Amino acid sequence: MTHGISRRALLASTAAAGCSAALCVPALGQGAGGRVVVIGGGFAGATCARFLKRMDPRLIVTLVEASPVFVACPLSNSVIAGLRDIAAQQFTLDKLADDGVALTRAPASGINTQTRAVTLTNNSRISYDRLVLAPGIDIRWDALPGYNEAAADRMPHAWKAGEQTLLLRRQLESMEDGGTVVISAPANPFRCPPGPYERASLIAYYLKTKKPKSKLIVLDAKDAFSKQRLFQKAWKELYPGILEWVPLSAGGKVTSVDPAGMTVVTDFATHKASVANVIPPQKAGRIAEAAGIADRTGWCPVDPVTFESKQQPGIHVIGDAAIMGAMPKSAFSANAQAKVCAAAVVRLLAGKKPDQPKLINTCYSLVAPDYGISIAGVYHAADGQLRDVEGAGGISPIDAPSSTRAQDASLANGWFKTITEEVFG
Ligand SMILES: Cc1cc2nc3c(=O)[nH]c(=O)nc-3n(C[C@H](O)[C@H](O)[C@H](O)COP(=O)(O)OP(=O)(O)OC[C@H]3O[C@@H](n4cnc5c(N)ncnc54)[C@H](O)[C@@H]3O)c2cc1C
């Protein structure tokens, strides 16, 4: 019997119970707005589900998320450095039910583009008029010889936050003073372009303050990276003799790893590591392959106005899984894309033409707890992809007083609080 139970309570109990198929599948034809299923309740998917419902309350919006708790990557490098508790990274989707989003807690395992239905691992099916995929990334387990899922237990990637983040933290804590930490950074494109360098900075901060005889080597598959001049200037000031960056042209590209021997191999040398953080090549979350929307690069090409897949009509892709031209893979971008996508889906379902979007991204990085730097970009649709709006955006000045760096560090924390409140709060 469900009478006497509010819709809100029903949705909440559905979510808590793990959701039976009958409860999860929206009734066909209910509501005038149509049925939208969103797969992935991270920065992109949770934002999109919420804004779809706000923009058109008649829509039946179902959000499918595999994990009961979302662990945010932004600021997770501070957890690795012992500066922040993992609890501050954890969020649930419960509040989305208050907005009328139906939550389904199970991994989506298949998509039938002919019948327009999503299959879940519990064998239930959800029909859609439009589908939004926001599954984030998966690791390319076949890309780096020696690096597989078992290897990640010894050489954590910590590029999906959660247990991997804590594992890397524990390894650093138990390392003797005088040990060598090795970070392997991948070639573009990958999740969070400045992320490996923020991580290197904060691990160097930990070593400097807690284990000063230790060293950190960053082996890089690239010669250039995001906010490079700012990072390198700060490293010279803050971490001389501790942090060494080895670019591609100096033999930085890691060609294989041996987790048993704890070695990281490049064309030029074999590095013995006390702690190895291997950030491997990545691709769109694997449901993208099931949907037939990932191309040979492993990522999903999309139309820059609607974020509709260039491979499969009726399916939109947002966040890290998509190829977004000049727009980097960040939580800020994912959130911005989600809102534009929600607006486009509402207009398309109403038979209207979507508006031309302009999107903003800002990426903050911490070089030390009170030393932040940032880069911002503005993007518009041109020639079938998102391109920089010339003259817009900006980057922290290369010479700035410590008060400016402290202000950017504080803005980084403020940004995280604001975005997570908007998405999950
Ligand atoms: C160390 C690090 C630091 C970072 N710092 C920043 C920063 O400072 N600022 C910033 O803007 N960005 C930062 N990022 C990048 C940011 O975390 C990502 O860009 C962002 O999470 C992308 O959002 P998304 O929604 O595409 O993917 P995610 O946030 O990963 O969400 C994907 C969700 O989909 C779910 N999912 C996947 N497949 C399925 C399925 N088949 N069925 C159901 N659910 C599924 C997953 O469980 C997950 O909850 C950082 C990343 C890292 C690794």
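Our structure's up above, just so we're on the same page.
This structure is a prediction, so every number in the text was calculated from the model and none was measured.

Colleague: Looking at this structure, how should I read the site of the ligand?
Modeller: Around the ligand, 34 residues are found, and the nearest of them are A44, E65, A108, R191 and D320. Interatomic distance of 2.7 Å between a side-chain N/O atom of E65 and an oxygen atom of the ligand. Interatomic distance of 2.9 Å between a backbone N/O atom of A108 and a nitrogen atom of the ligand. Considering the ligand on its own, with 1000 Å² of exposed area, one finds that the protein chains cover 91% of that surface. Elements represented by at least two residues in the shell around the ligand include exactly α3 (43-55), α4 (76-80) and α10 (331-349). Looking at the shell around the ligand, the element that brings in the most residues is α10, giving 3 residues.

Colleague: Would you mind showing me how to read the sheet that holds strand β1 (residues 35-39) here?
Modeller: Adjacent strands of a sheet pair through backbone hydrogen bonds, lying either parallel or antiparallel. The strand order across the open sheet formed by 5 strands is β5-β2-β1-β9-β20, and the pairing between neighbours is parallel. Both outer strands of the open sheet, β5 (102-104) and β20 (315-317), are each paired with one neighbouring strand and no more. Between one strand and the next, the sheet's axes are offset by a mean angle of 20°, whatever the strand orientation. Bridge analysis of β1 against strand β2 (residues 60-64) gives 5 bridges, and the strand direction is parallel. Across the sheet, residue V36 finds its bridge partner in β2, namely V61. Along the sheet face, α3 touches β1, β2 and β9 (130-133) and points at about 170° away from the line of β2. Across the sheet, α10 is in contact with β1, β9 and β20; its angle to β9 comes to roughly 170°.

Colleague: Help me understand the nonpolar core, please; the structure alone is not making it clear to me.
Modeller: Side chains of a nonpolar character, in soluble globular proteins, are inclined to be buried together. Among the nonpolar cores identified, the biggest contains 107 residues, and I39, L52, I111, L133, L216 and W235 are the most heavily contacted of them. Considering each element in turn, this core owes the most residues, 9 residues, to α10. Lining this core are residues from two domains, each supplying at least three of them: domain 1 (30-139 + 283-353) and domain 2 (151-280). With sequence-adjacent residues up to four places away left out, L133 is seen in contact with I39, I111, I287, A288, A291, I293, I315, H316, V317 and I318. By size, the runner-up hydrophobic cluster in this structure holds 16 residues, among which are A151, V246, A273 and A276.

Colleague: Any chance you could explain the packing of aromatic side chains here in plain terms?
Modeller: What characterises a pair of aromatic rings is the spacing of the ring centres plus the angle enclosed by the ring planes. Applying the stated criterion to the full structure yields 14 aromatic pairs. Arranged with centres 5.8 Å apart and planes meeting at 40°, the rings of F231 and W235 form a pair that is tilted. One end of the pair is F231 and the other is W235, both in helix α8 (residues 228-238) and 4 residues apart, which spans about a single turn. Grouped by ring-pair contacts, the aromatic residues F43, F70, F91, F332, W415, F416 and F424 constitute a single cluster. Here R54 stacks its cationic end above the ring of F51, 5.2 Å away from the centre of that ring.

Calculation notes
- Residues numbered from 1 in each chain as written.
- Predicted model: local features only at pLDDT ≥ 70, side-chain atom pairs only at ≥ 80, totals over all residues.
- Heavy atoms only, no water.
- Near = heavy atom within 4 Å.
- Polar contact = N/O pair within 3.5 Å; in protein donor to acceptor, adjacent residues only side chain to side chain.
- Areas by Shrake-Rupley, 256 points an atom, 1.4 Å probe, with all protein chains shown as cover.
- Helix = DSSP H or I, 4+ residues; strand = E, 2+ residues; numbered from the N terminus.
- Pairing = 2+ DSSP bridges.
- Axes fitted to C-alpha atoms, helices over the stretch in contact; angles between N-to-C directions.
- Contact = heavy atoms within 4.5 Å.
- Core = buried A, V, L, I, M, F, W, Y, C linked by side-chain atoms within 4.5 Å.
- Buried < 20%, exposed > 50% of the residue type's maximum accessible area, 1.4 Å probe, protein only.
- Domains from an automatic or database assignment.
- Phe/Tyr/Trp six-rings, centres within 6.5 Å; stacked < 30°, edge-to-face > 60°.
- Lys NZ or Arg CZ within 6 Å of the ring centre and 35° of its normal.

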